[in-house]
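# Observations on the model geometry
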Amino acid sequence: MITALALAALVAPIAGCATPPANATNSAHATGVMPDLPEKDIAHWVMPMDPFSPAVLAHLSTYAENRRMETCLSKEGFSWPIPIEPTDDASYLAFPRNLSAFPALTVEIAKQYGYTAMYMAGPMPDPQTSVKLNRIGMSTPGLDTTLIACREESRKTFDVIKAVDIYNLIAGWSSEGAEKIPQQPAVKEASTAWKKCIVAAGYDVSISAPAGDEAEWMPTEKLGVELGFFAPPPSMRPQPTEGPIRTYGDTEVDPDTIGPRKPTPAEIELAVADATCRDSSGWTKAYYDAQWDAEVRVVQNHADQLKTMKADIDALTAQARQIIAENPPLQ
């Protein structure tokens, strides 16, 4: 079974200048190779790797290929309805999205979204799209073969695989040192203070930090189930053989009407307490500074390669936008 949506997300570089941390040494900078860094901006979770992020390219390349596929399949008599998406940088980074896709929860965000805010760059996913396309794929004889042929034809002139390779490589570089961030002294100290704060607020939280440290981040599954804004996991509930689907992280879900989950009052109350504790403990600033320093080192270690890859990202992004323009929606 083939589905249309298969990549990730990105956005345009954020310009600016900043000085690397005092404890960071870099021979590349001394030779003029070290690129300028964006200005620090904790409110928008701006990071040193943002100018080289392939997140916008990831979304655009998928969308561009799908637009071509829709055009190609229609010529063969098949329907492949791809929803219209924005392609401008502003839409891809609408607050509180950030290029790290980091859940930078604040009291402001918590009051409005609870834990439902989207932090990943790109358009809001349409949960119904994959369901509809999967249904078409499973019920239309000959579609798979034609879809593969259309995709191969598209990739003769648009290198989606290169876009994926760039995304994976830069993601790998960005993760360098990320696993050490929670163990930084300032972050550990702030995490301890956050834990005391959230427990004092009346919540039985088992994890040691709100994000970054454990396999599970806030809100935990246990809290979500107890407070009623997560459905019980599969092991705790009977599975229907037909009709509405129940999934972890949501309530009853009908594939034809599924939409973004709306925060409950109990969820908002928890999220506000969590965000308040992140601020009062200094956890958000400590984590931001530690991630910033880690990414500065990544830029230092890969400065020349990043410069080359940014040129590739810019070229592929421009080509993707051109393909989208040349293949308007057929709906």
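These figures come from a predicted structure and were not determined experimentally. (Residues numbered from 1 in each chain as written. Predicted model: local features only at pLDDT ≥ 70, side-chain atom pairs only at ≥ 80, totals over all residues. Heavy atoms only, no water.)

The secondary structure content of the protein chain amounts to twelve helices and two strands. A total of 331 residues make up the protein chain; the buried ones form 44% of that total. Considering only contacts within the protein chain whose residues lie at least 6 apart along the sequence, 72% involve residues at least 24 apart. Only carbon and sulfur atoms are counted for the fraction: they give 56% of the accessible area of the protein chain, which is about 16300 Å². (Helix = DSSP H or I, 4+ residues; strand = E, 2+ residues; numbered from the N terminus. Buried < 20%, exposed > 50% of the residue type's maximum accessible area, 1.4 Å probe, protein only. Contact = heavy atoms within 4.5 Å. Areas by Shrake-Rupley, 256 points an atom, 1.4 Å probe, with all protein chains shown as cover.)

Bringing the state of the cysteines into the picture now. This model, assessed by the stated rule, comprises two disulfides. The partner cysteine of C72 in its disulfide is C150, sulfur to sulfur 2.0 Å. One disulfide, between C72 and C150, carries an S-S torsion of -75 degrees and so falls in the left-handed class. Linking C72 in helix α2 (residues 55–75) with C150 in helix α6 (residues 143–154), this pair joins segments that are 78 residues apart in sequence. A residue is classified by how much of its surface remains accessible, and C72, at 24% relative accessible area, is partly exposed. You can call C150 buried: its relative accessible area is 5%. Two residues, C197 and C277, share a disulfide whose sulfurs are 2.1 Å apart. Residues C197 and C277 are joined by a disulfide whose S-S torsion is about -75 degrees; by sign, that bridge is left-handed. Of the two residues, C197 sits in helix α8 (residues 185–200) while C277 sits in helix α10 (residues 265–281), which places them 80 residues apart along the sequence. Looking at C197, the relative accessible area reads 23%, which means it is partly exposed. Take C277: its relative accessible area is 2%, and that puts it in the buried class. Indicated for the protein chain is the disulfide connectivity 1-2, 3-4, based on numbering the bonded cysteines in sequence order. (Disulfide = S-S within 2.5 Å.)

Note on pairing: side chains with opposite charge can pair once their charged atoms come close. Applying the stated criterion across every chain, the model contains eleven salt bridges. Where R67 meets E70, a salt bridge forms, and the shortest distance between an N and an O atom there is 2.2 Å. Remark: E70 and R67 occur in helix α2; sequence separation between them is three residues, near one turn of the helix. What makes R67 buried here is its relative accessible area of 1%. Residue E70 is classed as buried on the basis of its relative accessible area of 3%. Linked through salt bridges whose partners overlap, the residues forming this network are K40, K285 and D289. (Salt bridge = Lys/Arg side-chain N within 4 Å of Asp/Glu carboxyl O.)

What follows concerns empty space enclosed by the protein. A complete count under the given rule lists one cavity of 30 Å³ or more for this structure. Surrounding the largest cavity, A43, H44, W45, F95, P96, R97, N98 and A104 form its lining. For the lining of the largest cavity, the residue count by class is five nonpolar, two polar and one charged. (1 Å grid on protein atoms, 1.4 Å probe; cavity = no way out; pocket = protein on both sides within 12 Å on 5 of 7 lines; lining within 4 Å. Points joined across faces, edges and corners; volume = space filled by probe spheres on them. Nonpolar A, V, L, I, M, F, W, Y, C, P; charged D, E, K, R; others polar.)

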